[in-house]
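Residue-level structural notes
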Amino acid sequence: MSLLRIDPRSLRIRLLGWLSGIAIIVTGATWLLHGILLQDLARDFLGERLKREADHAIEQVQKDHIATPIVLDSASRGFQAFHHLYVLRLGSDISSSDPRWVKALDFLLDDTSDDLVEVRDGEQHLLVYRRSFSLEEERGVLLVGEDFSQVEAGLHELHWWVAAIAAVLLLLLVLLNILAVNRGLIPLSRLRDQLGELRTGDRERLSLDVPSELDSFVIQLNRFMDEIDSRLQRSRDSVANLSHALKTPLAAVTQVLRGTRPIDDTRRQKLVQRLEEIHAQLDAELRRSRIAGPNAGRMSDLHRDCTRLTEMFRGLYPNINFTMSLPGEFEKRVPIESQDFSEMLGIVLDNAGKWASSKVDSRIVLDDVLRITVEDDGPGVPVDDLPRLGQRGRRLDESHPGYGLGLSILWQLMTRYAGKVRFEPSALGGLCVRMEVPIKESTD
């Protein structure tokens, strides 16, 4: 992907935008703080130096009061050489390094507290330290100051030099961000290429060589592709099964219809039976083809689906009392496709409704495993015949309509969901069916 291409939906552009924006904000804030802190640091440094000079001057004056004019004159020359100034008031006498400072700083002489003061005099910015003292019972105030304008000019120039350096560093940081983002997105580019290969048929599965944040995406996508392959194989198997199972009865029906012999009641009954077998086989294969499997990404609302199925079978078998035991916290969803769950529970309830005398009890428990128990009070199944339940096309009793396909579909559903189904005698006298389906994820 070209770096010059601007796509507002691009993850690369979004990352670069955010990183560059953050870098600009951080650099700008650092530069502003640098200016503020640099000026405060210079002010404190110069203030401390002025304080030491004031202390030194007062110490010299206090040592030899007679030599005060000489000391101050010497100090005045030093102050002028280093762009300093002084104003001294001792009693009623006022002297200064320059007469013009007496007028400009006269208001500072009225306060006797020691302090560092900033004074604006026209275009000049003065930094003045005021020091009070006493000499032979006379109160004195010494002002020692420096023109801060020249220092500010130097700080201003330094500040803009720092800005230039910060701009260069910011540009370098942006370039490094571009490099880092491009290298960080290489796995996504590879994944995009793999998806293209998947679309063109050059690849069957996605590689797991991706960032850990994409592991779930790649695994789930591979599962979906496995499910598609599985459904395709099931569809092919269903077509093959139908072709094999329907060829003989269809040939028999066709032969009878094409023949010249009259169709009496016995032959008509056989034709009807053949056609019903074809219909049952078609229905069973269609039901098998609808099995979605555990990777369909759909969830079943157990309370809703169980209630709906119970009400439906109460209508189909009005003489049978269907009961469903659900825990109070059963407002749950489980990762079983809704159609699969309805097929799973519906097959067992339908079978129980056909054979029950008056009652069908169902219980559902959910922890790490979904446990479904369905019992009826019908005649039951001999213990020796229990292992044969669910074998495809096998019926243990011909007194009820059916073709023995429902329980075989149940076995296939259990296999698809890595579940188990057991048939055993019921305490009610009939058959007890226990189903267990492992539940890896469950959500409220």
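Residues numbered from 1 in each chain as written. Predicted model: local features only at pLDDT ≥ 70, side-chain atom pairs only at ≥ 80, totals over all residues. Heavy atoms only, no water.

With that out of the way, let us pick up the pattern of salt bridges. Across all of its chains, the model carries 17 salt bridges by this definition. Here arginine 192 and aspartate 193 are joined by a salt bridge, their closest N and O atoms 3.6 Å apart. Here arginine 434 and glutamate 424 are joined by a salt bridge, their closest N and O atoms 2.7 Å apart. Taken together, the positions of arginine 434 in strand β12 (residues 431–438) and glutamate 424 in strand β11 (residues 420–425) put the pair 10 residues apart, joining distant regions of the chain. (Salt bridge = Lys/Arg side-chain N within 4 Å of Asp/Glu carboxyl O. Helix = DSSP H or I, 4+ residues; strand = E, 2+ residues; numbered from the N terminus.)

Before going further, it helps to spend a moment on the UniProt feature "transmembrane region" (unreviewed entry) in the chain. The feature "transmembrane region" (unreviewed entry), as annotated in UniProt, sits at residues 15–37 and 158–181 in this numbering. Counted over residues 15–37, helix gives 100% and strand 0%. Its end C-alpha atoms are 32 Å apart. Taken end to end, residues 158–181 has its terminal C-alpha atoms 34 Å apart, with 100% of it in helix and 0% in strand. (UniProt positions renumbered as here; feature names shortened; annotations may be inferred.)

This part covers the sheet that holds strand β2 (residues 93–96). Taken in spatial order, the 5 strands of this open sheet run β2-β1-β5-β4-β3, and their pairing is antiparallel. The sheet is open, and its two edges are formed by β2 and β3 (115–121), each paired on a single side. If you compare each strand with its neighbour and ignore which way they point, the axes differ by 20° on average. As judged from the 7 bridges shared by β3 and strand β4 (residues 124–135), these two strands associate in the antiparallel manner. Following the sheet pairing, arginine 120 is matched in β4 by histidine 125. (Pairing = 2+ DSSP bridges. Axes fitted to C-alpha atoms, helices over the stretch in contact; angles between N-to-C directions.)

One key point about sheets: their strands pair by backbone hydrogen bonds, in either a parallel or an antiparallel sense. Pairing is mixed in the open sheet, where 5 strands are placed in the order β7-β9-β10-β12-β11. Sheet topology places β7 (321–325) and β11 at the edges, where each strand pairs with a single neighbour. Each strand of the sheet is rotated relative to its neighbour by a mean of 15°, with strand direction disregarded. In terms of strand pairing, strand β9 (residues 359–366) meets strand β10 (residues 369–376) through 7 bridges, oriented antiparallel. Residue pairing in the sheet places serine 362 in a bridge with valine 374 of β10. On top of the sheet, helix α8 (residues 302–316) reaches β7, β9 and β10; it is set at about 170° to β7, its chief contact. Against the sheet, helix α9 (residues 338–355) contacts β7, β9, β10 and β12, and its axis sits at roughly 20° relative to β10. (Contact = heavy atoms within 4.5 Å.)

In this structure, strand β1 (residues 84–90) lies alongside β2, joined through 4 bridges in antiparallel fashion. The residue bridging valine 87 from the neighbouring strand is serine 96, located in β2. A loop of 2 residues connects β1 with β2, the two strands running antiparallel in sequence, and glycine 91 in this loop sits at a positive phi of about 70°.

Core analysis: the largest hydrophobic core is formed by 37 residues, its most contacted members being Ile336, Met344, Leu370, Leu410 and Met435. Secondary structure elements with two or more residues in this core: α8, α9, β9, β10, α10 (406–416), β11 and β12. Of the residues forming this core, the biggest block, 7 residues, is contributed by α9. Grouped together as the second largest cluster of nonpolar side chains are 20 residues, Leu38, Leu46, Ala57 and Val144 included. (Core = buried A, V, L, I, M, F, W, Y, C linked by side-chain atoms within 4.5 Å. Buried < 20%, exposed > 50% of the residue type's maximum accessible area, 1.4 Å probe, protein only.)

A few words on the packing of aromatic side chains. This structure, assessed with the given rule, holds 5 aromatic pairs. Residues tryptophan 411 and phenylalanine 423 carry aromatic rings whose centres are separated by 6.3 Å and whose planes lie at 55° to one another, so their mutual orientation is tilted. Taken as a pair, tryptophan 411 in helix α10 and phenylalanine 423 in strand β11 lie far apart in primary sequence, 12 residues in all. Using a relative accessible area of 34% as the deciding quantity, one classes tryptophan 411 as partly exposed. Taking the relative accessible area as the measure of exposure, phenylalanine 423 reaches 11% and is therefore buried. Grouped by ring-pair contacts, the aromatic residues Phe313, Tyr317 and Phe322 constitute a single cluster. (Phe/Tyr/Trp six-rings, centres within 6.5 Å; stacked < 30°, edge-to-face > 60°.)

On to helix α4 (residues 148–184), then. Over its 37 residues, α4 extends 51 Å from the first C-alpha to the last, a length consistent with the 54 Å expected when each residue adds 1.5 Å. Tucked inside the fold, the buried residues of α4 contact α1 (11–63), β3, β4, β5 (138–147) and α5 (186–200). (Expected span 1.5 Å × (residues − 1).)

Two numbers describe how α8 lies on α9: the axes approach to 10 Å, and their chain directions differ by 35°. Here α8 and α9 pass one another in a crossing that is right-handed. Counting all contacts with α8, which are made through Leu302, Arg304, Asp305, Cys306, Arg308, Leu309 and Phe313, the residues of α9 involved are Ser338, Phe341, Ser342, Leu345, Gly346, Leu349 and Asp350. Partitioned by chemical class, the residues of the contact of α8 with α9 number 7 nonpolar, 3 polar and 4 charged. (Left-handed = near helix turned anticlockwise from the far one by under 90°. Nonpolar A, V, L, I, M, F, W, Y, C, P; charged D, E, K, R; others polar.)

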